[in-house]
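Coordinate analysis (summary)
What follows is each chain in one-letter form.
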Amino acid sequence: MVSQYSRLMDIVHRGCLIVAGGCLLIITLIIPYGVFTRYVLNSAASWPEPLATLLMIVMSFISAVVCYREYLHIGVGVLPAFLNEPYKTALGWLLEALMLLTNLFMLWWGLKLVATTYNQIIPEFPVLSVGISYLPVPLGGGLTILFIIERMMKGQFFQEADAETVSTLTTE
């Protein structure tokens, strides 16, 4: 069952990578367009900057989910390195339980925020709801919860990031 869940999380992980990469690609294309219309055509387009902001929010929350699964999030490994195995595992369970609580908070209150602001509109995009712009908060919380469950099922709390995901460049 753990391996099936892990395979499903591999698919979710890949989807998150595609969404985050797509957001970055679109941002990279529309910002120069906005600069071009403002300074070359002398007629600024009103939508590139707000759209880039919305996409940056989506990219940030989805990228955080990816970083969590790949053990690339900010963490201090000094304390676990000095602990013996039963205490190290207990610390891992504690930290994951706290992560679970934090992400349940994001999911619950993020959904309430989306529902509360759903009937408001974004001035630059009258067809888009303000609630939709807050959707990355509960979505990021929910996706992270799925990866927390995976980590708890596997019991792998303190793992080094894969060599292929970490840059091989050194800072000298």
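Preceding block: the structure.
A few words on the pattern of salt bridges. Applying the stated criterion across every chain yields a total of five salt bridges. Across the salt bridge formed by E150 and R69, the nearest N and O atoms sit 2.8 Å from each other. Remark: R69 occurs in helix α2 (residues 48-69) and E150 occurs in helix α6 (residues 136-154); sequence separation between them is 81 residues. Each member of the pair, E150 together with R69, is buried.

Compared with the 56 Å implied by 1.5 Å per residue over 38 residues, the 55 Å span of helix α1 (residues 2-39) between its first and last C-alpha is a close match. For α1, the full list of buried residues reads Y5, S6, M9, H13, C16, A20, C23, I27, I30, G34 and T37. Among the structural elements, α2 and α6 are those in contact with the buried residues of α1.

It is at 8 Å that the axes of α1 and α2 come closest, and there the two elements cross at 155°. Between α1 and α2, the interaxial angle falls into the category roughly antiparallel. Like other packed secondary-structure pairs, α1 and α2 cross with a definite hand, here left-handed. Counted by class, the contact of α1 with α2 contains 22 nonpolar, four polar and four charged residues.

Below, the discussion takes up α6. Compared with the 27 Å implied by 1.5 Å per residue over 19 residues, the 27 Å span of α6 between its first and last C-alpha is a close match. Taken from the residues just after α6, G155 is the one with a positive phi, measuring 75°.

Bridge analysis of strand β1 (residues 121-122) against strand β2 (residues 125-129) gives two bridges, and the strand direction is antiparallel. Of the residues in β2, the one forming a bridge with I121 is S129. Linkage of β1 to β2, two consecutive antiparallel strands, is achieved through a turn of two residues.

Definitions and limits used
- Residues numbered from 1 in each chain as written.
- Predicted model: local features only at pLDDT ≥ 70, side-chain atom pairs only at ≥ 80, totals over all residues.
- Heavy atoms only, no water.
- Salt bridge = Lys/Arg side-chain N within 4 Å of Asp/Glu carboxyl O.
- Helix = DSSP H or I, 4+ residues; strand = E, 2+ residues; numbered from the N terminus.
- Buried < 20%, exposed > 50% of the residue type's maximum accessible area, 1.4 Å probe, protein only.
- Expected span 1.5 Å × (residues − 1).
- Contact = heavy atoms within 4.5 Å.
- Axes fitted to C-alpha atoms, helices over the stretch in contact; angles between N-to-C directions.
- Parallel < 35°, antiparallel > 145°, perpendicular 65-115°, else oblique.
- Left-handed = near helix turned anticlockwise from the far one by under 90°.
- Nonpolar A, V, L, I, M, F, W, Y, C, P; charged D, E, K, R; others polar.
- Pairing = 2+ DSSP bridges.

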